[in-house]
Structures are given as C-alpha cells and as structure tokens.
Amino acid sequence: MTKGNAWVLGATGQIGRVAVRALVEDGWEVTAVSRGGGRDDRWDGAVRTVALDRNEEGALAAALGDGCDVLVDMVAYGADHAGQLTGLADRIGSAVVISSGAVYEDDRGRNFDTQEEPDGSPCYPVPIPESQRTVEPGDATYGTRKVRLERDLLAAGETLPVTLLRAGAIHGPYCRTPRELYFVKRLLDGRTRRVLAFDGRSRFHPVHVSNLAELIRLAALRPGSRVLNAGDPQAPTVAEIGAAIDAVLDRSTETVLMAGAPGEDFVGVTPWTSPHPIVYDMTAAERELGYRPVTDYMETLPETVEWLAARLAEGDWTEMFPAMLRNYGRKLFDYAPEDAWLEAYDRKA
C-alpha cells in the first residue's frame, strides 16, 4: 500500500533528483515533473515523468488532473507561483516548497542584498531562528520574491497546508552554483597558496541535498503550515572546507589568513566569505518533523569533489557552470591580483 501520490516540480534539478528517490523509497507513487520530462538513472522504474513548463498558462492545472496528495515544489518564486499553487488548493492535499535563508535580515535591516553598501554586512544571531525578521516582500530580488512566496502561501494555510524550507548553502552533485568549485579548480590549476579574508573564519551554513530530501520526506508525512530552516548538522568555516578539499584531492595548500575584509581586487574572497557567521537553527525541524540529518558536510564532500573534477575535465568552468560566472564573474579565478598580494605579503614577512 502506497503513502499516496506525490508530484515533484523541478524533478531533474539538484534537489529534485534526490527528493524523488527518497519519496519513492518511502512508499510514495511519484510523478517527476520537469521542462524536459527527463529522468535520473537512479530512479525506480515506476517513477512517472511529465514534461511541463509550469509558467505556461494552465499547463500545471491540466497536467495535474484529479490532483495529488502532496506537491513538492523546487522552483517556486514570487507571487505568480504562489497564486498558481493556491489556485489548485482543491486538488493538492499539501505542499512542500523550497525557500531560502536569503530571506533573513538582521535587526538593523541589513541582509544579503545590502552587503555591497557601507557597513552593509548583516550580523545575525547565532544560530538564526525562523522567528528572525525577514526582508520586505516584493519583486526586486531573489530574497524579496521568496518572502512574497512564503507569505502568500502561508496565508492560504486553511485550504493548502504548506511547509516552506529555508535552505542554506545547498551542496552536492548537479549544483548550478557549487561553492566547492572555488577550491577544487584552484587545486587542479596547481595553486599551492590561497588567501582567506576574515582569518578564514567565515561560516555559511551548508545543507546537502540528501538532508533536504529527508526534510521533504518528513514534511510530506506531516502536513502543516510552517516555515523551517534547512541545514546540515555542522557549519564548517571556510578554512576547514579548504583543508578538507585538500585532503580529498590529496593536495597540500598553504593558507594565508587576511585579518580583515578583502580588498577591491577580490583577493581573499570565496563563495562563503562573510564577516559574520551565517548559521541556521534546526531545532524547529527536529521538534515538528522529528528531523535527524542523514549525512553531514564532510561525509558527502568526496562525492561532490569527484563530480566537480569530472565536470571540469569536460570543458572550461565558464561553460560548465555559467551560473557561477554570472554570480561571481571571472575574478573568482583571476590569480594575478592574488600573486601580487602574496608577493607584497612575503616582502613584509
């Protein structure tokens, strides 16, 4: 006997691949929905696939037919997608929707979107609870769109129970913006020294796709209207992550610590760099869902590194990971400014 019918939107993305597998293994009949209608080689043969552009007017409603017991949405953003789901509330038993920790702002109104402004780096409590204030809803940024999505969906709680998962820095294979690329590519390029701003103490709470899939699985079993953080059991520092990737690739790198913020030349910047720790409180997920992580960052790192190395062997990083290029630009691997900084550093030593 199955637990019910689950629809997964964004099924061939990084999270969706693992979530589909977790739901099938837990006894759900799963319909995997993506634009291309593809499937993962590791899925059970019983998984039904549907090709669908959820932004096409009426497409989701037509495909959904009589409905589903739970709808898992990896690709929801803003008011339009919230309206799409609430408009189908009579055909959806409950929903699990991926949100983001990017919605938070500190008590002075600083957030991820203001970090480029003077004194713009947010200083959050450690760990950050779900009760922490968020940015105002709107359409301007990723964070404001996610807040709009959250509020509109929670307002429909009486007709559509929705669990919103505020994900940390998602990691694992198939990531479009893999932060680990920073260290893996440098090692493969033969770099033997690196510079880390803020003494290498930056912490940006990661969450592996398997832990996200476990949260999705549990939320599907326990419908409700709520917001929950999604993070791994540990939040390592950027220096610890660099050392761990060295170990996976059996390389040795000298880490030079920069006491303060990176300069305009990008030296010392990594995808985790922040002057203040960003760590999410997971007690609500433990209390409400009975959540226990199924893995941790260091345990899953070898698989991620192997996947990244294989992708880099296929072509230039800008072609393999265009989203990383859009987010960080070519400066991420522009070594000339770092070499100049290290030369000046060595002269002073």
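Quick note: structure is the one above.
Source: prediction; values computed, not measured.

*Asks:* Before we go on, may I ask you to explain helix α9 (residues 297-314) in this structure?
*Replies:* Helical geometry note: an α-helix holds 3.6 residues per turn, so side chains three or four residues apart project in the same direction. The terminal C-alpha atoms of α9 lie 25 Å apart, and with 18 residues this matches the ideal 26 Å at 1.5 Å per residue to within 8%. When we look at burial in α9, the residues that qualify are Y297, T300, L301, T304, V305, W307, L308 and L312. Lining the buried residues of α9 we find β7 (169-171), α5 (181-188), β9 (206-208), α7 (238-248) and α10 (317-320). Between a side-chain oxygen at the N-terminus of α9 and the backbone nitrogen of M298 the separation is 3.3 Å; the capping residue is D296.

*Asks:* Just checking my understanding: could you explain the packing of aromatic side chains for this structure?
*Replies:* We describe a pair of aromatic rings using the distance from one ring centre to the other and the angle between the two ring planes. All chains considered together, the criterion is met by eleven aromatic pairs. Here the aromatic rings of Y174 and W307 are separated by 5.9 Å at their centres, their planes lie at 45°, and the arrangement is tilted. Pair noted here: Y174 is in the loop between β7 and α5 and W307 is in helix α9, with a separation of 133 residues, a long-range link. When its relative accessible area of 16% is taken as the criterion, W307 is described as buried. When the ring of Y182 is compared with that of F333, the centres are 6.4 Å apart and the planes differ by 25°; the resulting orientation is stacked. Remark: F333 occurs in the loop between α11 (322-328) and α12 (335-348) and Y182 occurs in helix α5; sequence separation between them is 151 residues. In terms of burial, Y182 and F333 fall into one category: buried.

*Asks:* Where do I start with the pattern of salt bridges in this structure?
*Replies:* Any two side chains of opposite charge can pair if their charged atoms end up close together. In the structure shown here, the tally under the stated rule is 21 salt bridges. In this structure, D40 engages R42 in a salt bridge whose closest nitrogen and oxygen atoms are separated by 3.1 Å. Judged by its relative accessible area of 4%, D40 falls in the buried class. Given the relative accessible area of 40%, R42 is considered partly exposed. For E338, the salt bridge identified is with R191, shortest N-O distance 2.7 Å.

*Asks:* Would you mind going over the side chain of T253 with me for this structure?
*Replies:* Within the secondary structure, T253 sits in the loop between α7 and β11 (254-257). For T253, the contacting residues outside a window of four places in its chain are L187, R191, T192, R193, R194 and D246.

*Asks:* What is the right way to look at the packing of α5 against α9 in this model?
*Replies:* Packed helices, taken two at a time, are described by their axes: the angle between them and the distance between them. Viewed as axis vectors pointing N to C, α5 and α9 meet at an angle of 55°, and their least axial separation amounts to 10 Å. In terms of orientation, α5 and α9 fall into the oblique class. As for the relative orientation of α5 and α9, their crossing is right-handed in sense. For the pair α5 and α9, the contacting residues are L181, V184, K185 and L188 in the first and V305, L308, A309 and L312 in the second. Residue composition of the contact of α5 with α9, grouped by class: seven nonpolar, no polar and one charged.

Definitions and limits used
- Residues numbered from 1 in each chain as written.
- Predicted model: local features only at pLDDT ≥ 70, side-chain atom pairs only at ≥ 80, totals over all residues.
- Heavy atoms only, no water.
- Helix = DSSP H or I, 4+ residues; strand = E, 2+ residues; numbered from the N terminus.
- Expected span 1.5 Å × (residues − 1).
- Buried < 20%, exposed > 50% of the residue type's maximum accessible area, 1.4 Å probe, protein only.
- Contact = heavy atoms within 4.5 Å.
- Polar contact = N/O pair within 3.5 Å; in protein donor to acceptor, adjacent residues only side chain to side chain.
- Phe/Tyr/Trp six-rings, centres within 6.5 Å; stacked < 30°, edge-to-face > 60°.
- Salt bridge = Lys/Arg side-chain N within 4 Å of Asp/Glu carboxyl O.
- Axes fitted to C-alpha atoms, helices over the stretch in contact; angles between N-to-C directions.
- Parallel < 35°, antiparallel > 145°, perpendicular 65-115°, else oblique.
- Left-handed = near helix turned anticlockwise from the far one by under 90°.
- Nonpolar A, V, L, I, M, F, W, Y, C, P; charged D, E, K, R; others polar.

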